[in-house]
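Spelled out, the chains give:
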Amino acid sequence: MPGLHMHMSARQHATYGTKLPEMSQAEHCTMVIFGATGDLTKRKLFPALYQLAAEHLLAPGFAVLAVGRESSLTDETFRTKMREALGESDEVKKVDDSVWQEFEKRIFFVGGDATDAAAYEGIKKKLDEIESECAPETRNRFFYLAVPPSVFEPIVRLLSSSGLVPRIDDPKQRPWARVVVEKPFGRSLATAHALNQLVLSLFAEHQVYRIDHFLGKETVQNVLVLRFANSIFEPLWNRRWVSHVEITAAETVGVEARGKYYEEAGVVRDMFQNHLLQLLALTAMEPPYSMTADAVRDEKVKVIRSIRWLSPETIPEVAVRAQYAAGTVKGEKVPGYRDEPDVSKDSQTPTYAAVRFFVDNWRWKGVPFFVRSGKRMPKRVSEIAVHFQAPPHLMFGGNGVGRDLEPNVLVMRVQPNEGVSLNFEVKVPGAAVALTQNIEVAPVDMDFAYAEAFGETAAPAYETLLLDVMIGEMTLFTRSDEVEAAWRLIDPLLDYWASHPADPMPTYPAGSWGPKEADKLIGKMNGGWRKP
Ligand code: BG6
């Protein structure tokens, strides 16, 4: 399957021992992080960089320049901070000191406010020092905006006006300069559109990497492989055979220390506009003509645009919102959302939502896609469950003997325990019942688990995504039209809920699977929501 391999992320090639194609080698580059003293840098970016270093996936001479407002920090003290953070990270099991000692030599810090033009002289000077031994055409750089969305705009303007990121029309030109933007990209269609216009007036699309970290998850990419590298699923992947699809992203955590951000975002901006719509798009899209970034993204945009508009008349029927109330999660008593720090006592921000979408196209007409996400649920689990139609005629349990047969379900487990399972019916062994039409039937699972099959757990998403930025592979990043199509779909829901406060706001006890209103939404379909 050469086409597919060519466009797997570089990390996958290395992990599974496939020789890296020449185009996938990470080129020499420097990563500049804005927001270097923030949470994302220490929780996600440095653990991912360290792992890449440990796996020898970084180009020789790769360097990180961290930019932050704490001007008292030096290269030395910043390195110490990041070393401590690695020790606390769940994503790095064991830090190998020899790897760290080599890697830390290439970590640098410069103090400065990235929204202030004066800081850019210091950044340039430091970059010149770091790259002093590099040939000009190898001075590739990417600028990672791990900063609040309110400062995206001034920073991209300054990156351009300072000359650090010139517009480069030819993707083959060297050195390259790229910008990586964290989510949320805008907070509505209008703001995302304005931001896209600004960014694309300064840089070419191929220089802009919009992160949706769900796309970096191994199993999310596997959705396409499962669908398009096998011939047994695709013939069934349509309205004739699929009864409904359930997409879940459940978390046990509450809003933690992010009350301020979350009050503004809520679950729809935080999870639906990006991660969940991406899962839906990959599940429902048509086969792309190749696995190149634009071919895949074209198909995703098409399918997002085919999702039925959520009109104010239908929203009360197709969408449910709720907040977690006090309860118990994993044996621990936790407060309700309105009692979390930085959350208003009469907050209208939903921490849970469930929406029934329809994809109005030839393949999916009439098949509901039930999508839900919530904080403080009993279990951390993200999955896509494709429920197939019941068999047309039940000769066994359905004919008045025993239970109804359960339709087949294909579950793609995004996390944890990444893998795929197919549920189907088998005959219970034994001859307890003499008549063939009365034989006992039971559901069983055929299961594939990544950890068992490949002897390792999936790589954290940021590792895959950072390496892809370094090699210029854009398939796992969202394009401007894709982001806007997602906002276009979500905006009416946000507007409707903002202008129709819930009175009272439905709640669910922390540690439960959501409000009763959500059960009504899915109704009796296959026994209601899955409890994975
Ligand atoms: C982030 C959201 O994008 O995704 C968080 O802002 C959420 O609120 C997180 O917790 C979930 O990602 P993961 O990879 O932990 O499932």
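All residue numbers here refer to positions counted from 1 along the written sequence of the relevant chain. Only residues with pLDDT of at least 70 are given local features in this predicted model, and only at 80 or more are side-chain atom pairs given and counted; all residues enter the totals for whole chains, interfaces and linings. In computing side-chain properties, one takes all heavy atoms of the structure into account and sets aside hydrogens as well as water.

Draft legend 1. Region of the structure containing the overall build of the chain. A tally of helices and strands in the chain yields 16 helices and 17 strands. Note on method: radius of gyration uses C-alpha positions; expected globular size equals 2.2 Å times residues raised to 0.38. Here the C-alpha radius of gyration of the chain, 25 Å, is about what a compact globule of 532 residues would show, namely 24 Å. Overall, the chain is about 85 × 55 × 45 Å in size when its C-alpha atoms are taken along their principal axes. Only protein chains enter the area calculation, which uses a 1.4 Å probe; residues under 20% of their type maximum are buried, those over 50% are exposed, and those in between are partly exposed. Looking at the chain as a whole, 55% of its 532 residues are labelled buried. Roughly 23,400 Å² of accessible area belongs to the chain as shown, and the carbon and sulfur atoms make up 55% of that amount. A positive count includes Lys and Arg, and a negative count includes Asp and Glu. His and the chain ends are not counted in either. All charge positions are set by atom: Lys at NZ, Arg at CZ, Asp at CG, Glu at CD. Taken together, the 61 basic and 70 acidic charged side chains of the chain have centroids lying 3 Å from each other. A run of H or I in DSSP becomes a helix once it reaches four residues, and a run of E becomes a strand once it reaches two; helices and strands are each numbered from the N terminus. Per-residue accessibility takes into account occlusion by the displayed protein chains alone, with areas from the Shrake-Rupley method and a 1.4 Å probe.

Draft legend 2. Structural view of the pattern of salt bridges. When a carboxyl oxygen of Asp or Glu lies within 4 Å of a side-chain nitrogen of Lys or Arg, that pair is called a salt bridge. Overall, the coordinates contain 31 salt bridges when judged by the stated rule. Between Arg-227 and Glu-234 there is a salt bridge, and its shortest N-O distance comes to 3.1 Å. Each of Asp-294, Arg-297, Asp-298, Arg-479 and Asp-481 takes part in one network of salt bridges that share partners.

Draft legend 3. Looking closely at the site of the ligand. Residues in close proximity to the ligand include Lys-183, His-213, Phe-214, Lys-217, Glu-251, Arg-258, Tyr-261, Asp-270, His-275, Lys-375, Arg-380 and Gln-415, which together make up its full environment. Counted as a polar contact is a pair of N or O atoms within 3.5 Å, where, for protein atoms, one must be capable of donating a hydrogen and the other of accepting one, and residues adjacent in sequence contribute only when both atoms are in side chains. Here an oxygen atom of the ligand sits 2.8 Å away from a polar atom, N or O, in the side chain of His-213. Relative to its unbound accessible surface of 400 Å², the ligand loses 83% to contact with the protein. A per-element tally of the shell around the ligand places helix H10 (residues 259-284) first, with three residues. Across the shell around the ligand, the residue classes tally to two nonpolar, three polar and seven charged. Proximity is defined per residue: any heavy atom of the residue falling within 4 Å of a molecule or strand makes that residue near it. In this classification, Asp, Glu, Lys and Arg are treated as charged, Ala, Val, Leu, Ile, Met, Phe, Trp, Tyr, Cys and Pro as nonpolar, and every other residue, Gly included, as polar.

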